[in-house]
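Here is how the chains run, residue by residue.
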Amino acid sequence: MATEGAEDVDAPIAYFLDDQRYHGKSERTLEAYERVLREFELFVEQEFEAIETIGEADRRACMAWIHSLRGQFESSTIATYASYLNRFYDYMTRIGAFDENPMALVMEELSESIDTNPTRRELSISDMQAFVASIVHPLERAVVVMLLKTGMRVGELCNLDLRDLHGEFSSLELEWTPRVELDQRPSSVYVSAEPARGTVVNGEERTASNKRKRETVIPVDTELQAVLREWLAIRPDPVSPARALFLDTGETWGERLTPSDVRYIVEKHAREQGWYRTGGGTTENVTPHYFRHFFTTHLRDRTGDRGIVQYLRGDVAGDVIDTYTHNWGDRVRETYLDHIYRVTV
């Protein structure tokens, strides 16, 4: 029962999701929240006859749901689902829609924890070369190689426009002018910190956000250029004047790839390799974010320079990143090209 002066909420889950949307949560995150909350709601409805609404669920119902997940998912996945439910109840309690958060004590008692640095599947460079070799479609191959050789996030890849790419592509019947930030920086790709979901950048509203603390210029070696050239040779005409680098060649022909498109591509090929299983967690499944982990681990081990890897990942800001920005030609580019691994054979 809600407290006096509380928000009048008829559909708690929908209300919560709308609020999270207003706060900039991605559609993928919202979908994950809704899936978990609806599954919990159905579980309570089926297992506890005395509980009529999700707002009446108590600690015992929450613990029973957590217990039902064991054996189906890894501990880190269960902890993530528990955190979703906890955030939902915490929010609804804070606005006065619910009297209390039944997950508060459950979270304290929960033995599983979210592993922020999980031990992931170990894949060698030769394993990754075989994986890339199995990908035939130029778009899918270019997407995977771009992720592997730059360490960028999925949203950052999707937000790339042609103007963000500088390289040797004169053989193509495709012309564009690289952005001014790439002047004097040949064969490189610019990853901006500007795009955010719902904002208009380069004349197009974006559906994904970049999470960089500052813009980054990443070298593009001859291998990545070759893969991109194969893609650009068949790239369809874009729907948007922003001229996205990566465009859909399926049902939404000519539209910018979305993060869900990229995740589908990676999951499809990872499944074929036995590297992805429904219900598998971060220790087992190869996802687009795995490529960021792969890039970080191998390049850091090869260079021994944590700072350059942090710069390329876009993880540092202020005067630290200025050091690498100013020395891009002499240090970053040279170090990158001397040590970046090959993923095609």
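Going by what an unreviewed UniProt entry lists, the protein chain is known as Integrase family protein and is assigned to Natrialba aegyptia DSM 13077.

Q: Outline the sheet that holds strand E1 (residues 165-166), supporting the account with residue identities and numerical values.
A: Within the open sheet, the three strands sit side by side as E1-E2-E5. Their pairing is antiparallel. Each having just a single partner strand, E1 and strand E5 (216-219) make up the two edges of the open sheet.

Q: Residue-level account of the packing of aromatic side chains, with values.
A: Here the distance between the centres and the angle between the planes together describe a pair of aromatic rings. According to the stated counting rule, one finds 17 aromatic pairs in the structure shown. Pairing Phe131 with Phe291 gives two aromatic rings, centres 6.2 Å apart and planes at 45°, and the pair type is tilted. Note that Phe131 is positioned in helix H6 (residues 125-133) and Phe291 in helix H11 (residues 288-303), a separation of 160 residues in sequence. For Phe131, a relative accessible area of 0% gives the class buried. Since its relative accessible area comes to 0%, Phe291 is described here as buried. Ring geometry for Phe169 against Trp176: centres 5.8 Å apart, planes inclined by 40°, an arrangement best described as tilted. On the basis of relative accessible area, Phe169 is assigned to the buried category, the value being 4%. Exposure remark for Trp176: the relative accessible area of 17% places this residue in the buried category.

Q: Which residues make up the domain arrangement of the protein chain, and what are the values?
A: Assigned domains within the protein chain: domain 1 (12-115) and domain 2 (125-339). Taken over C-alpha atoms, the centre of domain 1 sits 34 Å from the centre of domain 2. Between domain 1 and domain 2, the contact holds nine residues from the first and seven residues from the second. Counting the surface lost from both domain 1 and domain 2, the interface buries some 620 Å², and carbon and sulfur atoms represent 35% of this. The three residues of domain 1 that bury the most area against domain 2 are Glu27, Arg28 and Glu74, which together make up 58% of that side's buried surface. Linking domain 1 with domain 2 are one salt bridge, by the criterion used here. A salt bridge links Arg197 to Glu27, with the shortest nitrogen-to-oxygen separation between them at 2.5 Å. Counting residues per element, the ones that place at least two in the side of domain 1 that touches domain 2 are helix H2 (27-47) and helix H4 (75-94). For the side of domain 1 that touches domain 2, the class distribution of residues is one nonpolar, four polar and four charged.

Criteria and cut-off values
- Residues numbered from 1 in each chain as written.
- Predicted model: local features only at pLDDT ≥ 70, side-chain atom pairs only at ≥ 80, totals over all residues.
- Heavy atoms only, no water.
- Pairing = 2+ DSSP bridges.
- Helix = DSSP H or I, 4+ residues; strand = E, 2+ residues; numbered from the N terminus.
- Phe/Tyr/Trp six-rings, centres within 6.5 Å; stacked < 30°, edge-to-face > 60°.
- Buried < 20%, exposed > 50% of the residue type's maximum accessible area, 1.4 Å probe, protein only.
- Domains from an automatic or database assignment.
- Contact = heavy atoms within 4.5 Å.
- Buried area = accessible area lost by both parts, 1.4 Å probe.
- Salt bridge = Lys/Arg side-chain N within 4 Å of Asp/Glu carboxyl O.
- Nonpolar A, V, L, I, M, F, W, Y, C, P; charged D, E, K, R; others polar.

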